[in-house]
Amino acid sequence: MAGEAQCLSYAGCNFLRQRLVLSTLSGRPLKIRKIRAKEEDPGLRDFEASFIRLIDKVTNGSRIEINQTGTTLYYQPGLLYGGSLEHDCSPSRSIGYYLESLLCLAPFMKHPLKIVLRGVTNDQVDPSVDILKATALPLLKKFGIDGESLEIKINRRGMPPKAGGEILFSCPVRKVLQPVQFTDPGKIKRIRGTAYSVRVSPQMANRMVESARSILNKFLPDIYIYTDHMKGVSSGKSPGFGMCLTAETINGTILSAELASNPQGQGATVLPEELGQNCAKLLLEEIYRGGCVDSTNQSLALLLMTLGQRDVSKVLLGPLSPYTIEFLRHLRSFFQIMFKIETKTPEEEHMGGEKVLMTCVGIGFSNLSKTIR
Amino acid sequence: MEEKEKKKHRAKHSGPKAEKKRKRYLNDLGIGDEENARKRNPKAFTVQSAVRMARTFHRTQDLKTKKHHIPVVDRTPLEPPPVVVVVVGPPRVGKSTLIKCLIKNFTRQKLVEIRGPVTIVSGKKRRLTIIECGCDINTMIDLAKVADLVLMLIDASFGFEMETFEFLNICQVHGFPKIMGVLTHLDTFKNNKQLKKTKKKLKHRFWTEVYPGAKLFYLSGMVHGEYQKQEIHNLGRFISVMKFRPLTWQTSHPYVLVDRMEELTNPEDVRINPKCDRKVSLYGYLRGAHLKSKSQIHMPGVGDFTVSDVSFLPDPCALPEQQKKRSLNEKEKLVYAPLSGVGGIVYDKDAVYIDLGGSHAHQKEEEEVRPNNELVQSLISTHSAIDVKMASSKVSLFMDSRPLGSEDVGQEFVMPKEERQVDLKTGRVRRKALFEEEEKENDDAVSDEEDDQEEEEAMSEDGSDGDDEDDAEEESDRELLGEEVALGRAKRLKTEMAREEAMNELPAFADSDDDLEMSSEGEEKTALEENEMEEDEEDEEEEDEQRTYENESSDSEFEAASKRVAESKQYEINSEDAEMRSQVSDHSLKRKAVLTTDSGNCTAEEASESEAENSSLDEGDDEGSHGEDANRKGFQHAQAKKADSIRQTKPKALEAEDDDDVENLLREEEEYEEKIDFSTDTTGALKWKEDLTQKAAEAFLRQQRSTPNLRKLIYGTAVEDEDHESEDAGDELGGLFHVSRPDKASKQKANALDCSKFLIEKPQDWDLEEVVSSIRDCFVTGRWEDDKDAAKLLEEDEELYGDFEDLETGVVHKGKSAAEGDESGSEDDTEDGKMSKPEPEEEEKKKERMDKKRKLKEMFNAEYDEGDATYFDDLKEEMHKQAQLNRAEFEDQDDETRVQYEGFRPGMYVRIEIENVPCEFVLNFDPHYPIILGGLGNSEGNVGYVQLRLKKHRWYKKILKTRDPVILSLGWRRFQTIPMFYIEDHNGRHRLLKYTPQHMHCGATFWGPITPQGTGFLAVQSVSGATPDFRIAATGVVLDLDKSITIVKKLKLTGFPFKIFKNTSFIKGMFNSQLEVAKFEGAAIRTVSGIRGQIKKALRTPVGAFRATFEDKLLMSDIVFVRTWYPVSIPTFYNPVTSLLKPAGEKDSWSGMKTTGQLRHERGIKLKQNKDSLYKPIVREKRHFNKLHIPKALQKALPFKNKPKNLEKKGKTPKDQWRPAVIREPHEKKISALLSALSTVNNYKIKKAKVKHREQLKEYLKVKQKEDEQKFKRQKEAKKKIYRILGQREKKRQKSSLKGSSKGEKSM
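What you are looking at is a predicted structure, and each value in this text was computed from that prediction instead of being measured.

**Observations concerning the overall build of chain B**
When you go through chain B residue by residue, the secondary structure sums to 40 helices and 37 strands. Relative to its full complement of 1308 residues, chain B shows a buried share of 41%. Relative to all contacts within chain B whose residues are 6 or more apart in sequence, the contacts with residues 24 or more apart total 71%. Taken as a whole, chain B presents about 79800 Å² of accessible surface, with 53% of it coming from carbon and sulfur.

**A few points about the overall build of chain A**
Looking only at helices and strands, chain A has 8 helices and 18 strands in total. Of all 373 residues assigned to chain A, the portion counted as buried reaches 65%. Restricting the contact set of chain A to residue pairs at least 6 apart, pairs at least 24 apart contribute 73%. Accessible surface for chain A amounts to roughly 12600 Å². Of this, 48% is attributable to carbon and sulfur atoms.

**Brief notes about the nonpolar core**
Among the nonpolar cores identified, the biggest contains 99 residues, and Leu25, Phe169, Leu331, Phe339 and Met358 of chain A are the most heavily contacted of them. No other element matches helix 3 (residues 95–105) of chain A, which puts 8 residues into this core. In this structure Leu25 of chain A touches Leu80, Cys104, Leu105, Phe108, Leu303, Leu307, Phe335 and Phe365 of chain A, once residues within four positions along its chain are discounted. Formed by 48 residues, the second largest nonpolar core is a distinct cluster that contains Tyr255, Trp972, Val1020 and Phe1030 of chain B.

**What about the pairing of strand 30 (residues 1032–1042) of chain B?**
Residue and element names in this part refer to chain B. For strand 30, the tally of buried residues reaches 9 of 11 residues, placing the bulk of the element in the interior. Bridge analysis of strand 23 (residues 943–952) against strand 30 gives 8 bridges, and the strand direction is antiparallel. Pairing of Lys952 across the sheet is with Ala1034, part of strand 30. Inspection of the sheet shows strand 29 (residues 1016–1020) paired to strand 30 by 5 bridges, in the antiparallel sense.

**Overview of the packing of helix 1 (residues 16–26) of chain A against helix 8 (residues 322–335) of chain A**
All names here are of chain A. In the contact formed by helix 1 and helix 8, the axes pass within 10 Å of each other and the chain directions differ by 30 degrees. Classified by the angle their axes make, helix 1 and helix 8 are roughly parallel. Considering only the axes of helix 1 and helix 8, their crossing is right-handed. Along its contact with helix 1, which presents Arg17, Gln18, Arg19, Leu22, Ser23, Leu25 and Ser26, the element helix 8 presents Tyr323, Glu326, Phe327, His330, Leu331, Phe334 and Phe335. Class assignment of the residues belonging to the contact of helix 1 with helix 8 gives a composition of 7 nonpolar, 4 polar and 3 charged.

**Considerations on the packing of helix 3 of chain A against helix 4 (residues 129–142) of chain A**
Residue and element names in this part refer to chain A. Closest axis-to-axis distance for the helix 3/helix 4 pair is 11 Å, and the angle between their directions is 10 degrees. Taken together, the axis directions place helix 3 and helix 4 in an arrangement best described as roughly parallel. Of helix 4, the residues touching helix 3 (which contributes Ile95, Gly96, Leu99, Glu100 and Leu103) are Val129, Leu132, Ala136, Leu137 and Leu140. Of the residues that constitute the contact of helix 3 with helix 4, the class distribution is 8 nonpolar, 1 polar and 1 charged.

**Some details on unusual backbone geometry**
Going from Pro160 of chain A to Pro161 of chain A, the amide bond is cis rather than trans, its omega being 5 degrees. Here Pro161 of chain A is to be found in the loop between strand 9 (151–156) and strand 10 (165–171). Cis rather than trans, the peptide bond between Thr1101 of chain B and Pro1102 of chain B has omega equal to -15 degrees. With respect to the helices and strands, Pro1102 of chain B occurs in the loop between strand 34 (1092–1098) and strand 35 (1106–1110).

**Re the sheet that holds strand 14 (residues 240–249) of chain A**
All names here are of chain A. Strand order in the open sheet made by the 4 strands is 13-12-14-15, with mixed pairing throughout. The two strands at the open ends of the sheet, each matched to only one other strand, are strand 13 (223–230) and strand 15 (254–260). Going from strand to strand, the sheet's axes swing by 15 degrees on average, the running direction of each strand aside. Where strand 12 (residues 188–198) and strand 14 come together, 10 bridges link them in antiparallel fashion.

**Focus on the state of the cysteines**
All names here are of chain B. Considering all chains together, one arrives at 0 disulfides over all chains under this definition. Summary of cysteine pairing: Cys133 is not part of a disulfide, and the nearest cysteine sulfur, belonging to Cys135, is at 7.4 Å. Assessed through its relative accessible area of 0%, Cys133 is described here as buried.

**A few points about helix 5 (residues 137–146) of chain B**
Within helix 5 of chain B, 10 of the 10 residues are buried, leaving the element largely enclosed by the surrounding structure. Within helix 5 of chain B the residues assigned to the buried category are Ile137, Asn138, Thr139, Met140, Ile141, Asp142, Leu143, Ala144, Lys145 and Val146 of chain B.

**Re the environment of Phe47 of chain A**
Residue and element names in this part refer to chain A. Turning to its location among the elements, Phe47 is positioned in helix 2 (residues 46–58). Between the alpha carbons of Phe47 and Cys89 there is a distance of 7.2 Å; along the sequence they are 42 residues apart. Residues contacting Phe47, with those up to four places away along its chain left out, are Arg36, Ser90, Ser92, Arg93, Tyr97 and Tyr98.

**Considering the pattern of salt bridges**
Taken as a whole, this structure holds 47 salt bridges over all chains when the rule is applied. In this structure, Asp1040 of chain B engages Lys110 of chain A in a salt bridge whose closest nitrogen and oxygen atoms are separated by 2.6 Å. Highlighted residues: Asp1040 of chain B in strand 30 and Lys110 of chain A in the loop between helix 3 and strand 8 (111–119), drawn from two different chains. Per residue, the accessibility class of Asp1040 of chain B equals that of Lys110 of chain A, and both read buried. Between Lys757 of chain B and Glu258 of chain A there is a salt bridge; the shortest N-O distance is 3.5 Å. Placement of Lys757 of chain B in the loop between helix 29 (718–734) and helix 30 (769–773) and of Glu258 of chain A in strand 15 is noted, with the two residues assigned to different chains.

**What to know about the pairing of strand 18 (residues 355–361) of chain A**
Both faces of the sheet carry side chains from a regular strand, because those side chains alternate between them. Residues and elements named next belong to chain A. Buried residues dominate strand 18, accounting for 7 of its 7 residues. Side-chain alternation along strand 18 places Lys355, Leu357, Thr359 and Val361 on one buried face and Val356, Met358 and Cys360 on a second face that is also buried. In terms of strand pairing, strand 16 (residues 312–317) meets strand 18 through 6 bridges, oriented antiparallel. What sits directly across from Val312, in strand 18, is Val361. Judged from the 5 bridges that link them, strand 17 (residues 340–344) and strand 18 form a sheet pairing that is antiparallel. Looking at the pairing, Ile341 lines up with Met358 of strand 18.

**What about the sheet that holds strand 4 (residues 63–66) of chain A?**
Residue and element names in this part refer to chain A. Taken together, the 4 strands give an open sheet; going across it, the order is 1-2-5-4, and neighbouring strands pair in mixed fashion. Of all the strands in the sheet, the pair left with one neighbour each is strand 1 (8–11) and strand 4. Taking the axes of each pair of neighbouring strands and ignoring which way they run, one obtains an average angle of 10 degrees across the sheet. Of the pairings in the sheet, the one linking strand 2 (residues 30–33) to strand 5 (residues 73–76) comprises 3 bridges and is antiparallel in character. Residue pairing for strand 5: Ile32 is matched across the bridge by Leu73. Along the sheet, helix 8 makes contact with strand 1 and strand 2, crossing strand 1 at roughly 155 degrees.

**Here we look at the interface of chain B and chain A**
Of the residues lining the interface, 89 residues belong to chain B; the matching set on chain A comes to 101 residues. The contact between chain B and chain A buries some 8700 Å² in all, and 54% of this surface belongs to carbon and sulfur atoms. It is Tyr715, Asp754 and Phe758 of chain B in chain B that bury the most area against chain A; as a group they hold 10% of the surface buried on that side. Linking chain B with chain A are 6 salt bridges, by the criterion used here.

**Quick word on the confidence of the model for chain B**
Residue and element names in this part refer to chain B. Per-residue confidence for chain B gives a mean pLDDT of 73, with 62% of residues at or over 70. The model gives residues 718–747 a pLDDT under 50, and that stretch makes 40 contacts with residues more than four places away or in other chains. Residue range residues 815–837 is modelled with pLDDT below 50. Its contacts to residues more than four positions away, or to other chains, number 14 contacts.

**What to know about a negative patch on the surface**
Together, Glu841, Glu842, Glu843, Glu844 and Glu848 of chain B line one region of the surface with negative charge. You can see Glu843 of chain B is positioned in helix 33 (residues 839–865).

**Re the side chain of Thr71 of chain A**
Residue and element names in this part refer to chain A. Among the secondary structure elements, Thr71 is positioned in the loop between strand 4 and strand 5. Polar contacts involving the side chain of Thr71 include one to the side chain of Thr69, which spans 2.9 Å. If near-sequence neighbours (up to four positions away) are discounted, Thr71 is found in contact with Ile32, Arg33, Lys34, Ile35, Ala37, Pro42 and Gly43.

**Describing the packing of aromatic side chains**
All names here are of chain B. For the structure on display, the rule yields 27 aromatic pairs over all chains. Centre to centre, the rings of Tyr255 and Trp972 are 5.4 Å apart; their planes meet at 50 degrees, and the pair counts as tilted. Note that Tyr255 is positioned in strand 9 (residues 254–257) and Trp972 in the loop between strand 24 (966–970) and strand 25 (973–977), a separation of 717 residues in sequence. Here the two residues Tyr255 and Trp972 agree in accessibility, since each one is buried.

So, how was this worked out
Residues numbered from 1 in each chain as written. Chains lettered and ligands numbered in written order. Predicted model: local features only at pLDDT ≥ 70, side-chain atom pairs only at ≥ 80, totals over all residues. Heavy atoms only, no water. Helix = DSSP H or I, 4+ residues; strand = E, 2+ residues; numbered from the N terminus. Buried < 20%, exposed > 50% of the residue type's maximum accessible area, 1.4 Å probe, protein only. Contact = heavy atoms within 4.5 Å. Areas by Shrake-Rupley, 256 points an atom, 1.4 Å probe, with all protein chains shown as cover. Core = buried A, V, L, I, M, F, W, Y, C linked by side-chain atoms within 4.5 Å. Pairing = 2+ DSSP bridges. Axes fitted to C-alpha atoms, helices over the stretch in contact; angles between N-to-C directions. Parallel < 35°, antiparallel > 145°, perpendicular 65-115°, else oblique. Left-handed = near helix turned anticlockwise from the far one by under 90°. Nonpolar A, V, L, I, M, F, W, Y, C, P; charged D, E, K, R; others polar. Disulfide = S-S within 2.5 Å. Salt bridge = Lys/Arg side-chain N within 4 Å of Asp/Glu carboxyl O. Buried area = accessible area lost by both parts, 1.4 Å probe. pLDDT = per-residue confidence, 0-100. Patch = residues over 30% accessible without salt bridge, like charges linked within 9 Å, V, L, I, M, F, W, Y side chains within 5 Å. Lys, Arg positive; Asp, Glu negative; His and termini not counted. Charge placed at Lys NZ, Arg CZ, Asp CG, Glu CD. Polar contact = N/O pair within 3.5 Å; in protein donor to acceptor, adjacent residues only side chain to side chain. Phe/Tyr/Trp six-rings, centres within 6.5 Å; stacked < 30°, edge-to-face > 60°.

Given below as structure tokens:
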């Protein structure tokens, strides 16, 4: 009679993070079967195991059961606890992989989260820490999660394959979120960025900046790309370089793009000029897609809208990424929430591609972990 | 005598008369007197005291801010649910009578018996749900949680009763609804004065409980068993204009006060196992927040459930349509109380019930609503469920008419309607389930077509048609039975089958939007209207068919499809189709291309998978032929094809860019077919290969763009799931086939890389000019929209402030005449469409003027309000805006879609299906007890540790004991649990308490349902029976939720010294091993006598002993202890109160776990007390101290002063020192005897004299005191006199001096 919520069941390891995060937030137990069941190397990988360990760290009273081969995972969520923590991330995925989920969970902890993550800060697969710092934090601020303690600090940079990076992520706790009406992205007023290089010539960064500017200068004069060359301990264990660019509009929307060099000993060497140009083009591509939230943070924005009060929230997005689409499906199964999806053609001709207007009524979520005094 | 010159008249300068005169004079002058000066010149009197002014200002500000509440977003729906009015009071106080009177007042109907809630329309905008609350504490708790208004009946002849106070306290805990007291039995007072007194007394007591000034209503007396009409009318007026405050719990949770219950369990299951879990549907108005289907609910008194289905029904007690008129007419004065048997016919989702409640008293009044008595009689057939009864019963409205079956009744009310269709060829009679919208567009041709299709389906060997064949058999059966045969349950099934058939008949559209179906049907209709070109019509019709087949059939099925098509004599199309198919098969390469390019896209994946299925089908599986599977596949297939078609008809698609209607897509498909023909004829087969990737990308983007596709892409269709379910049921019914459906999850790449980045498959070439220009305006350097462009805005402003004349220079500035621009605009308009009339031009002008006006007003407002816009105002404004947005966002959508996005909104009449309900709920159903469905928020269905702040109620007689089970009412729930009480120490430690403190808050933790922080709760020890005492044991609030607890209790470990050095001692008996000691190294220890110390290190022997140091030397008799804190575990006991499952009449006798005290009392077990804990008199033994022994050597060494002296006992006195005894002579003896006698006498005398003297002294002192008092009094009088005189003199002197000065002043 003591009704435990119905267990949700999924197959396959894809979208593991989404599922664990939503399960934790909704309090519904979760079962994932057939994790790489048919592959030569079945079961959970080390980075997934590390992620599960991280989830275990930030929660209190969660039950995680994994079968012997690691192909089945049962997760019964506990309450989000937070506090001061440390976690060594697996170097096979970058810190962004872990940080993305922490960004979803951090505002709903019992104690403000202050966590040190060690691992790869920038790689080619996941959104880098720089990008999340530049885009996700302003997004959180829009939902009322702000304050001095909201920050991501990059102590050390670490590139794959050997990692060695370290960041500090801290986030305050909120009881309820504000609804947002975020339908006008506004025009881009400036482009900022960082070109970083570790354990290579510091000149690489300058070369990247030059080439990126050459493309972006056609659109906007207000461009400033910082060069960030880390030395010594703070440069991690592997060489590499890369760049991230952000375009900020007058309404505070931030669109971003990034590229990193191939890891040492994998793939062909990349010229910094080429990388800079490609990165600039990626940014233009992102601008073409447009929207009020850039493509990596779509799901975060939608989640925070879902977890708002019982008010209408609206956000204009670019085309939905496959990850977001899956996320919407998961949102429906975990929270019984459906978004109203309308496509919007920009009225003007030269405003990029078609946009999607997402509207939803929040579920009236409140932070059940936070103590009242 | 010379007349003496008369004394001249001297005007009076003082005295009242002069005063009066002066006043008049000043008044004439307009200056007025002193008091008026304040009025005359207020500014001069504003600041008299800065402090005082500051204080007054402060106070006004305080009062102002006191009125502020934290603004909340107003989420009340436009059409709110009926207000819940709970009538509560002790027994025999007149609750039922009041309800009846109120109902009669509002609806002019007389209810005989009231069971459950009664909903009435009380006004143009308000409905009321009135419910009676008995004295069972379960009921009181449940109803207090849902009440909007409480009518608290108080027997004035008796005064307040415990129930009243209990209910008030329950209300206080669970959010305070509006409470209105009603005094009854006032006619028992004969004495008017006493009546008045009682009224006042009760009123003031009521005010202290609720709030000062709370409304207390007086019902003076009964007339013919009813309250006085005018008083009830007034009470009704009060209720119907009352405003309610939103309560936190109620507004954040959906809830339903159930007013109807139906059982839906399969009778067969019940027959097999009468105790099986039941499936019930519950009805009621949804209140509070939005309810989502598949969410968790709690039914107080029953338990937690998951909603298996929710649907909204037409409002049975709707508000009147038009609001214009002042009062309601008789028809609009509705009453709805199914449990009381009012309201007549009730509509369900798929059935109609006629409720035959026992109330016959108001038959005449409800002639038009309620069925005839005969009708009732004919309908009654007991021993079967109501729907079976309904289905099998026949009624004849007139004596000799044909009896009507349930299907006839259904025709009027049931949502899907039936239509009999006679096939001309076979002569079969078919029943088709029609929905209202469908009916409009359906006509014979369609049915013909369907019949054809049906025939074909029957002919084909597909597995799915097995059902149809069954159906056909049944139908023939029905033919035999004829029309007059009553429809049984099987028939109902059949109708469902028929409906299902209808679904199967349109497989391509089964999972698409409704309007899609419409459109296709519409097409058919229009096609049919053009009857002249029969061939064309046929073509089209069959094309439609073919389309459906296309979607349904995969490549493997193609032959079958072609066969079917061949049967329908469609050779050309067939050939075309064949061509297309070949094309498609040719295009496999192209599809691959799509796959590679669109790997990010899920549909592409699906498409690929569908292809995989197709290939598997090629191998010869016939599972794909299963209707539903085909449906889904068809859908995917259609999508894939859509992509294809779009790719092919790119230019056309560009023309009709915005048309994402599927109809268009279908047309495009046709065009595409034609185009293929064309292309194959003329330009060759390789043309389509041009720009494949580009096209693929385009197609992908297009798919993303079109809304319904996007929605479908993400969520599938909402209808789809339901369809699947229903089809599942159908399969079970058929009992022959099992659907082997590929797992949905496997459709995505289940084990792909988990990455949130949206990779760009095909970046655009940013070197090209047109590509660059596509985002040019995204930058501030680009062109701005008109309403934001600075230059444009300036221009507009100029227009706004148009003409003005510079007064200084005299130059007249003229604004650009807007007309010019307008003209040009209008000219454009006219050029655009010659048909446009001059009216729009005028309108435009008008609009412009309005715009101008609005803008001016806005500016004025902005300027005007700028001053006193506080933070509070801003916040309020923000909330208001949000509320408006909430209302507006989904306003224009129909309820079906709205429900999907928002959930079911409050105010809807909903039907909630719940499965696995205990059978006792149904068997022991008692409408007098309220059933409430409370929605649970996220993870509120889970259990964990809950921390509370708790205080024992000051009226509760006992104190509460830790580990004794109590019943808590928290959130929606009532449950029994075992709380542990604790108190927080100054260092944040939670120390266990054995009992609750008397007049203080304490903490409590229990294992139970997670409930949001800040929720109030109350505790009772028992919900059964009635005690004369106050039942609410404790109240409080939830503070924290956790999965672990931190309560500790004190544990003292004791040990004894076995060797004592100076400050170091060896202690044993405290621990059992070295390891234990090691754990406690450094811990603070203490002796009972207060010597503090520290544990140092374990000793090897004896085991568990250790070395410790102290601040002083111990004694061997000392007891050493260490204070430790031991975590307490909380029993995981959570037992919901299932009072509703008790048999009728025993519902208030639920008893859960008993306390140990109760058990002991019941079984007569005496507690065996520890002998040591008993108190006994303390007997202190006399201590004997041994002599201090100083060794001789030491004595020698001591200085003299410290040497023990004279300590040695004196030896016996030697004989020579003995004193001799004196023996007196007789003479001496005499003398001494005389002397002693004399002295005795003397002593006596002296004693006597002393006593006497003492008495005399006493007397004297008494007299003296008296005299002193008198003297003192006298002196006081005298002093007083003197001082008075002195004072008078002083005063006089002062007066005289003042006078002198005033005189001086005056003279000055």
